[in-house]
Every structure is written in C-alpha cells, then in structure tokens.
Amino acid sequence: MNTKQNLEKAEWLLANWNKETTYPEADRLDVLVTAEDLRSAVTTLHDAKWGYLSAITGLDLGVESGQLEALYHFCNGPAITTLKVHLPRVGDASLPTIEDIIPSATFFEREMSETVGFQITGAKSMDRLFISDDWPEGVYPLRADFKIEQAAPVEGRYVDEIPEEGVVRGNTFVVPIGPQHPALKEPGHFEFTVDGEVVTAARMRLGYAHRGIEKAAESRNWIQNLYLFERVCGICSHVHTMAYAAGVEKLAQVEVPMRAQAIRQIVAGLERIHSHLLWLGVAAHEAGFDTLFMYSWRDRETVMNLLEQITGNRVNYSANVLGGVKCDIGLEQAKVIKEGLDFLEVRIRHYLEVVTTDAMFLNRTRGVGTITRVEAERFGLLGPTARASGLVRDVRVEAPYGAYTRFPISAVTATNGDLEARCEVRLNELLVSCFAIRTLIDNLPEGPLTVKMPRKIPAGETISRVEAPRGELFYYIKSGGGENPLRIHVRTPSLCNWVSVLEKAVGRQLADVPMLIAGMDPCFSCNDRVVTVKHSNDQKTWSWKQLREYGIEYYKR
Amino acid sequence: MNTFTSFVSILIFPAGLTLVFTGMFYEWIDRKLVARFQNRVGPRWFQPFADMVKLFAKEQITPGLANPFLFFGLPVVAIAGALTSALYVPLMGLNPVHSFPGDLIVAIYLLSLLTMCIGLAGWNTSGRFSLVGATRALTQMFAYEAPFLLALLGPALAAGSWQISEVNRFAQTHWIIITQPVGFIVALIGLMGKLELPPFDSPEAETEIVAGALTEYSGRGLAIFKIGKSIELIVGITLVSAFYLGGLNGVLPFLLKTIVVLLLMTVLQTLLTRLRIDQTVGLWWRFGTILVLAQIMLIVFLRSYPL
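Residues numbered from 1 in each chain as written. Chains lettered and ligands numbered in written order. Predicted model: local features only at pLDDT ≥ 70, side-chain atom pairs only at ≥ 80, totals over all residues.

K.L.:
Please give an account of the overall build of chain B that cites residues and values.
P.N.:
Secondary structure assignment for chain B yields 13 helices and zero strands. On the principal axes, the C-alpha backbone points of chain B span a range of 65 × 50 × 40 Å. Across chain B, contacts joining residues at least 24 apart in sequence account for 80% of those joining residues at least 6 apart. (Helix = DSSP H or I, 4+ residues; strand = E, 2+ residues; numbered from the N terminus. Contact = placed C-beta atoms within 7 Å.)

Printed below as a string of structure tokens:
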C-alpha cells in the first residue's frame, strides 16, 4: 500500500467524526474532530492498527483567533495523519485522556497541559512531570500572551519532606533514585516502592533539566534556532539539527544538494557509533561490569576524534547549516575515517561477542525486562528498544529521508526483547552504520555543499522525522512567514520509551532497576526542554555558608 | 608474655599500626591492579593513606534518626574485632602473637564481626539505601560464611588441629592447594564475598543503593570502617595463603604468597559482572557449600580409612 492509499484509508476510517479534511503535504492528512469525538477517533485508528501515536502537539493559535489547538500525530511508514482539535483559549479547554488506549500518551498529555494549558479529564495522574514545583498554577509558558513576570516562583507549593516517623511503612518503603544518584548521571527522579528487594510500584518525575528551549525558539530567528536545537541533547546533537534543518528546508521548498545530505548522514552515522558505545559503557556500569565500561569508552574516543576531525567539535558538532553542511570530507579525511572504522569494527565485533557469551553479564541481561512484540506495540516504543522486541520502528527504513533515499539501509531487529537483545541490536546496528558510512564515503556525490536559504520562511507547518540513536525524533515546525518560527515542538524518543521502564520495573528486583532504566538508553536533557524561566530575584540563591548552616541545623533536628 | 610486649604487639607490631599501613598498601595494590587491567591510570601509592587523612579531617554528621551511641560505637567494635583477629594469624610470616587450640573459629568469628557491625550500622542509620544495603550485607554473610568456614576447615582437618599456627606449620610441608583445589577456590571466592569486592559488591552497589549500609557515614566513622575493611583484607589473605599455599614461614614468602592471592582476586574482580543478591545466595548454597562439603566428607573418610 503506498502513502496515498494509506492516507485515504485513514480518511475512510475517520469518516464518522470528520469535520474537515485537508492534505497539507503529499504524505500528510489533517482531520479536524471535536473534543467529544476524539476518543472514538483515536480508538478507531488504534484498533485498525493504523500506525502509532508519534506525538501530541499543543499550540496556542494566538489571542485574536481565541483558540487552542491540539494535534495528535499518527505515523504509519511515511504517512502521517493528524487529528486536530480546536478548543477555546479562555474558559473550558478540556480534552478527554487517551492514556487508557495508548499508555505513552500520558507523557504527551501532561506536557501539553503543563505548557499550553489543556485540562485533561479522566487521567490517572496529573502530577507535574516537566515544570518545576514552584511554578504558579494556571500560568502556561507556551501561551501567546505569557509574560515573564507571571512566572514568579510560588513558595511551598510542594515540599518533598521525609515524614517524622521515618521511611518504613509496614514491610515496604520507597527507594528514591535521582535526581542526584550515582546510577543516574542525568537528573530524573524515580520512586520505587520496594518490599524487601522486590519493586511493587514505580513513579517518576522529569523536568530537572528544563531549559525552556521551545519557548526560547519563538524569540529567535531561523538561523539562531539551528544552534539552539543542537543543544537539546549533548549526545545526539547532530540529529536534532538534521531534523530541524530538514523541516525548515521543506517549508522553504529548498532542495539540499546530495553531497550535503550524504555528509549529514556520515556525521549522523558516526554520532550513532559514539552514542551506542557510550550507552554500552553505561549499561555495563549499571550491571557492575566496570571493565567493559572502561574499554568501550576508551574505544569511543576513536569516533570522537573522527567527529572532531570532520567538524572541529567533539560534542555539538554544528556540521549542519540551513541549506546544507559547513564541512566537506576530502580524500585525506575519508582515509582517516575508514581507518578509524576498521579499528572500531573489530572492537564492536568483540563487544558483541562479550555481551552474548559472557556468562556473568548474561546473568544480569538475559530474560530481564522482556518486552514482547505486542507489548512493544502497545507501549508505543521506538528505536532500538522496539527493534529488540522484533518491532520494526526505524524512520530510516520506514520513511527514508535525505541520503537514505539513495543509500538505503536495513533495519536490525531481534526477537527476545530482553536486555540482551537490546545490547545485541545496538551493536549490530553499529556494524550496519559502519558499512553505510563506508558506502557513503566511497560514493560521495559531487556538487556544492550549500544552497541559498531565504531569511524569511514561507508560512506553513510541517513535520520532520529522523532516526536518532534512541529512536524516532519528531519535530513539528510552524512558520508564520516571518524571521522567527511560531512554534516548534520537539518530541524525543526517550519520552516514548519511559512507559516500558515503569511497567517492567514492577515485580523485578531492585538490582535490575538501574539496568532497566539504562536498557532504554534514556536521555534526560532531551526529555526536559520545555520551560524554566530564569527567576530574576530568586530568594533561593544561597551562599555556600548559608547552605552549610542550613544543613547543620537540618540534621540537629 | 608481659603487659608491655602485649601492648606493643596489639598497637604497633605486628598488629596495630603496621597492620593498618600494610592494609592500606594492599588496598593500593588492589586498586592499582584493577585500574591497570581496566586500562585506567589508577591511584598513586599513597592514595589510600591520603583518603584516610582526608576522612579523619572531615566533619562527621550523625543522622537524626540514628542512635548516636551505636553510630559512634559500631565502627570501633568493628575495627577492634578486625585487629584482634589479626593476633591469631601468622602476619608477616611470624608466629601468631596469641595462639590456643581452636583459635581458627575465634579468628573467623572476629572477622564476621565487621560485617555484622556494618549491617547494624545500616539498620541504625535508617536511611533507605542503608536499610537495603544492611539487609543485603547480612543476607550475603549468611551465604558465604558457612562455605568459607568449611573451606578453611579442610586444611585444619588435614593438619589434625584447629589451631592456626599448627595448620600453618603443617602446611609448610604440604601444599594443600594440590590436594584440596576446590577448597582453595571456595576460600578465595568466599574471601571476596566477605570483603564485598566485585562481583559480590551488591551490598554496596553504587548504581542501586549508593554506598549501601554506610551511605550515611562520613568522616571518622567511615574512615574506621574502611580501615577495618583493609585489615580484614590482610587477615583474610594471610589465612588463605597460610592454609593453602604452603604456609608462611618468613617475611618474603608472606609477601610473595599474599600478593599472588591478591593478584588472583583482582583478576576475578576485573572479569566478573556484579551478581544480584539472590544470585549470590544461589551461587553459594547451590555450588559453593555443596562442593566444599563433599570435599570435607572425603577428607574425613580418608582420614578414618587410610588407603
């Protein structure tokens, strides 16, 4: 079935609730539904197995229009169907929850309600997930009329204190992991209720690294935003600019030269190697196998050096510019990259052997956190986590973009769905990446590196999807025809994969929990990007002395 | 033995200060070797000593929910136990300071005191990580203690005495590792469990429960526990090498044999992934204990009915 037929099928499925249908782009279908019909429409698409829910975008259409817009994006291969719901800005903007139909929707819904101000009815939990605890109620940072003065911190809105009687209640007690914890090098907070060693409940809180990037994007121009979005993530910075640049180029109807696209793909491939080797080290450390951790990070230096050689940077490469790339790959560099890949391939094969044969390591990975194909589909998993369960979720294969249209790759899958399979999938994927990079270097198309981009991007909206090391990265970009974007919504792959951790931790041993968290390769800075405004007169800024005195007083009690 | 020499032997040589510094030196060897095996640079030779100086200089914070008496007392009891156990083993290849029939049991009991104190300390501070750590430390103790003791009883049975110095003398003419290889392996791995070294470090698995039972300890208390650990390392290694590796009859054999045992332990630490606590217990009761019991039965049988 091709894309057009697919979209027509979606239209036919949604015919009962359809208020207005548009085809904004060749691969997209927009269907307007009312809030009352939303659940039925989602259920229909879900039951018909038409794709998966990729993201929910919340938008404020502006004070004049008086409307909020919620967009439910369903992806099926290259075809995207968007359910649009319009609600009034003032008054009742309530939407029914769909988390009982699609579990991962809870994260999208909570993000949308915290930042744009939709009321989600019927949800199990509406605890704050992203926005900081002292943020005032009823103030939504992504509203068009939001002013920074509104965001003055509220004292004592939520205090996480230890109850007087201690922490043990009956046989169970809560083990907090994060936001500062040796297992998590990044800030996230999990509360695992344990009975002895067995986890009986799990809860999480994100948002400790919120930097308000989506808000910041609204006040920067298109070129500045490229560098802003590069900083969403420190590990997969290149794919963020790739998704952003691809979206903006699509809106401007600019065709990027093939050579530039190939170079983008080479950098993305090297970035994937660096990201997965980093993950392997972290996973090994969580399992208590520090030797593998040290070795994989040592070998990761090779790929870091290659990236530095191509782009001049080790972390935020800024290889992309709007309309192309800024760095070329010459013959000499091609030779160095190939030598580096020769070394890496040998090492990757070795690690593949270690993770599949080392009996002690298998003790901690085989059969742990098994996710079946059906569950993977139900949780809406993405990337290597989904592929380890046999579910092909890979934008490079499903909806090839950029250089992948000319140099296709194959998706790597495994069937077991446990941690071992996830290690295997990631490492095998690196071998595929190495092969793909070689092919691209050998067949690097000739041509210019950039084309001219307009300063102002024509009005319109588009969706840009690329495959990040952790899974599908989703960008929704809306332009009003000016120098700044109206709204950019980023949905990172980690966000979709959390459900698997929370569901799978229950019933497992506490010792498996860090492995489960690491198993999906979470990236916290990716999750947390929406909002925190710098408080100008923040009473909570303490000197070191004050903090120390507070600490001493606290423990005297 | 007069009071003066007793004091010297307990406080300065061979136990006491000498033991503390040797313990730190062995801890450094352990850390350095593991680091080199893992392709890291590793600490400088005085690092464990510098750590201790730093910890002693630091403020000690008592958690509000802890009993202060126990909080200060437990590290002292732990180190006292470890130091006392050192009196019964042939440190530096010299004769033990004290010796009486059955001191093997006393030495092992005193070594366990450290783990018990760590468990109690974790329970006393009632932090969440400490509680999980304490539970794991005590669970693990029940797992390795019996096989470790049985593994040391093997040579004792062969020597016909439960006195450490007697076994040491017997071992100087018999390399027991050749006749009881299973016992040696169990004793070595049991020692790693006792010291909570990887792969048996789940009681202090940093990725799950921070520092386990000792999470709330800082400053002096932590330093004393750490010193206790390094003393336990020396005493344990001395026992295993005296019993299995041809006895210890001088400083040079002592250094050589104990460092060989330490080297084996570091290689195992490097190669193995941490076990979950249930896997640790399973390993000991399903394999360790049964193997070593079988060996002891064999020894008893052979002693009763010589071939």
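Still to come is the rest of the account.
K.L.:
Tell me what's going on with the sheet that holds strand β15 (residues 471–479) of chain A, and back it up with residues and numbers.
P.N.:
All names here are of chain A. Taken in spatial order, the three strands of this open sheet run β14-β15-β16, and their pairing is antiparallel. Single-partner strands in this sheet number two, and they are β14 (460–468) and β16 (485–491). Along the sheet, successive strands turn relative to each other by an average axial angle of 15 degrees, direction set aside. Examined bridge by bridge, β14 and β15 share nine bridges and lie antiparallel to one another. Looking at the pairing, R465 lines up with F474 of β15. Against the sheet, helix α15 (residues 493–505) contacts β14, β15 and β16, and its axis sits at roughly 130 degrees relative to β15. (Pairing = 2+ DSSP bridges. Axes fitted to C-alpha atoms, helices over the stretch in contact; angles between N-to-C directions.)

K.L.:
Give a description of unusual backbone geometry that names residues and reports values.
P.N.:
For residues other than glycine, phi is negative in most cases, and the peptide bonds are mostly trans. Backbone torsion omega between P198(B) and P199(B) reads 5 degrees, so that peptide bond is classified as cis. By secondary structure assignment, the location of P199(B) is in the loop between α9 (181–194) and α10 (206–209).

K.L.:
So, the packing of helix α2 (residues 17–37) of chain B against helix α12 (residues 251–271) of chain B: which residues are in play, and what are the values?
P.N.:
Residue and element names in this part refer to chain B. Axis separation between α2 and α12 bottoms out at 9 Å; the angle between their running directions is 40 degrees. Taken together, α2 and α12 sit at an angle that is classed as oblique. Classified by chirality, the crossing of α12 by α2 is right-handed. The residues of α12 that touch α2, namely those facing Y26, I29, D30, L33, V34 and F37, are I259, L262, L263, T266, Q269 and T270. (Parallel < 35°, antiparallel > 145°, perpendicular 65-115°, else oblique. Left-handed = near helix turned anticlockwise from the far one by under 90°.)

K.L.:
I'd love a proper account of the environment of G269(A), names of residues and values included.
P.N.:
All names here are of chain A. With respect to the secondary-structure elements, G269 resides in helix α7 (residues 258–287). The exposure class of G269 is buried, given the 25 C-beta atoms found within 10 Å. Spatially, the C-alpha atom of G269 lies 9.0 Å from that of P469, the residues being 200 residues apart in sequence. (Buried ≥ 20, exposed ≤ 12 C-beta atoms within 10 Å, placed from the backbone.)

K.L.:
An account of the nonpolar core is needed here, citing residue identities and associated values.
P.N.:
Counting 228 residues, the largest nonpolar core has L152(B) and A187(B) as its most contacted members. Mapping this core onto the domain boundaries places at least three of its residues in each of domain 1 (3–146) and domain 2 (213–527) of chain A. Those residues in contact with L152(B) that sit more than four places away from it in its chain are L104(B), I108(B), A187(B), L239(B) and F243(B). (Core = buried A, V, L, I, M, F, W, Y, C linked by C-beta atoms within 7 Å. Domains from an automatic or database assignment.)

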